[in-house]
Amino acid sequence: MLTARNSKGSDLYCANDAETIFFGVQSKGLTKRDPVGLGGNLDNLRSDWWIITIKAKTDAPVCYIMTLAEVKALCHQSDPAKSSNGKISMWLQPTAYDRAEFREAWHRFGAVVQNGAGPAAMIA
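Novice: I would appreciate a short explanation of the nonpolar core in the present structure.
Specialist: Side chains that are nonpolar tend, in soluble globular proteins, to be buried together. Counting 19 residues, the largest nonpolar core has Leu-38, Ile-52, Leu-92 and Tyr-97 as the members making the most contacts within it. Within the residue set of this core, elements represented by two or more residues are strand 3 (36–39), strand 4 (49–54), strand 5 (62–67), helix 1 (68–74), strand 7 (90–92) and helix 2 (94–97). Excluding residues within four positions of it along the chain, Tyr-97 makes contact with Leu-30, Arg-33, Asp-34, Val-36, Ile-52, Ile-54, Tyr-64, Met-66, Leu-92 and Phe-102. Residues Trp-49, Cys-63, Ile-65 and Phe-109 belong to the second largest nonpolar core, which totals nine residues.

Laid out in structure tokens, this is it:
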């Protein structure tokens, strides 16, 4: 299922071969190593898994694979007093996602499908 730019919800839905396990994936493509905007309320984030791709328009993109719980735990809250609109915004800083455990960690999806465990079980 395709999604339009800035639409709510997952960008991609994945299933195992037996179609007994399903999960949503949010994809964020960046041209360089920048913060990822998460909006003003973490409760609005829905996708089980996140793929953050830097250098997305090059021949050498780099992907970081994270669970929703990891994104929420590692996010940064901006100071509304320093914001142009006076509102809180949430961000995932490059130092939060650019880590060895997330870098090109495609094997994490295989563990979900193989074990039948949801993303929360992956953080144990």
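Novice: What is the right way to look at the packing of aromatic side chains in this model?
Specialist: Summed over the entire model, instances satisfying the criterion amount to five aromatic pairs. In textbook terms, an aromatic cluster arises when at least three aromatic residues are bridged by ring pairs, as seen for Phe-23, Trp-49, Trp-106 and Phe-109.

Novice: Teacher, can you tell me more about the sheet that holds strand 1 (residues 12–15) here?
Specialist: What holds strands together in a sheet is hydrogen bonding between their backbones, with the strands either parallel or antiparallel. Here four strands make up an open sheet; going across it, the order is 1-2-4-5 and the pairing mixed. Among the strands making up the open sheet, the edge pair consists of strand 1 and strand 5. Neighbouring strand axes in the sheet, compared pairwise and without regard to direction, differ in orientation by 30° on average. Pairing of strand 4 with strand 5 involves six bridges; the strand directions are antiparallel.

Here is what the cut-offs are and how they apply
Residues numbered from 1 in each chain as written. Predicted model: local features only at pLDDT ≥ 70, side-chain atom pairs only at ≥ 80, totals over all residues. Heavy atoms only, no water. Core = buried A, V, L, I, M, F, W, Y, C linked by side-chain atoms within 4.5 Å. Buried < 20%, exposed > 50% of the residue type's maximum accessible area, 1.4 Å probe, protein only. Helix = DSSP H or I, 4+ residues; strand = E, 2+ residues; numbered from the N terminus. Contact = heavy atoms within 4.5 Å. Phe/Tyr/Trp six-rings, centres within 6.5 Å; stacked < 30°, edge-to-face > 60°. Pairing = 2+ DSSP bridges. Axes fitted to C-alpha atoms, helices over the stretch in contact; angles between N-to-C directions.

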